[in-house]
Amino acid sequence: MRHDEMIGKVQALAQLPDRVSAERAAHAVVSTLSERLPSGLARHVAAQLPPDMAAAMREAADASTAVDSGTSGERFGLTVFAGRIAGRVGTDEDTALREAAAVLEVLDAALAPELTERMAEALPADIRDLLPVGRATENAEGPRGGGRQV
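Residues numbered from 1 in each chain as written. Predicted model: local features only at pLDDT ≥ 70, side-chain atom pairs only at ≥ 80, totals over all residues. Heavy atoms only, no water.

Undergrad: Help me understand the packing of helix H2 (residues 19-36) against helix H5 (residues 78-89), please; the structure alone is not making it clear to me.
TA: Describing two packed helices takes the angle between their axes plus the distance from one axis to the other. In contact at an axis separation of 9 Å, H2 and H5 are set at 140 degrees when each is read in the N-to-C sense. If you check the angle between H2 and H5, you find them oblique. For the element pair H2 and H5, the recorded crossing hand is right-handed. On H5, the residues touching Arg24, Ala25, Ala28, Val29, Ser31, Thr32, Leu33 and Glu35 of H2 are Phe81, Arg84, Ile85, Arg88 and Val89. In the contact of H2 with H5, the residues fall into seven nonpolar, two polar and four charged. (Axes fitted to C-alpha atoms, helices over the stretch in contact; angles between N-to-C directions. Helix = DSSP H or I, 4+ residues; strand = E, 2+ residues; numbered from the N terminus. Parallel < 35°, antiparallel > 145°, perpendicular 65-115°, else oblique. Left-handed = near helix turned anticlockwise from the far one by under 90°. Contact = heavy atoms within 4.5 Å. Nonpolar A, V, L, I, M, F, W, Y, C, P; charged D, E, K, R; others polar.)

Undergrad: Explain helix H3 (residues 39-47) to me, please; I cannot follow it from the model alone.
TA: Note that an α-helix has 3.6 residues per turn; residues three or four places apart therefore point the same way. Taken together, the buried positions of H3 are occupied by Ser39, Leu41, Ala42, Val45 and Ala46. The buried residues of H3 occupy an angular sector of 160 degrees when projected down its axis, which confines them to one face. (Buried < 20%, exposed > 50% of the residue type's maximum accessible area, 1.4 Å probe, protein only. Arc of directions from axis to C-beta.)

Undergrad: Explain the confidence of the model for the chain to me, please; I cannot follow it from the model alone.
TA: Regions with low pLDDT carry predicted coordinates that are not meant to be interpreted in detail. Taken residue by residue, the chain gives an average pLDDT of 86. The fraction at 70 or more is 83%. Within the chain, the lowest mean pLDDT, 54, falls on helix H9 (residues 133-136), and the highest, 97, falls on H5. Counting contacts from residues 135-150, a segment whose pLDDT is below 50, to residues more than four positions away or on other chains yields 35 contacts. (pLDDT = per-residue confidence, 0-100.)

Written as structure tokens, this is what we have:
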């Protein structure tokens, strides 16, 4: 999926006023997601993204690798996830979660299904619930229902 197409979809799904806001949200989410994922997985995800988004994801993965061994990613849940996105975008946590759900839905459509499944398996349940319903119900623990609508 091309960058312009991804940003347009994020803007529509998150009901953002302009493309600049959508781009800011997309970069904040992929950066925060990259901090949470194992660095190798984050780099695999980045390889399937347009260059701008891939660069944001790789930069965050490199910074996380410097902090820990680089194998597991940082350990944090939904509250920290939302707080980091909100801080990067300059919004409140509820808005950050809505924007994160929109970005994750666009990523779900852009990435190879098996890569999205690996990403879902690496996330804690509370963050995984932001994934689209169809993907969120598929994980290593079997069907679990849930998932969040945008």
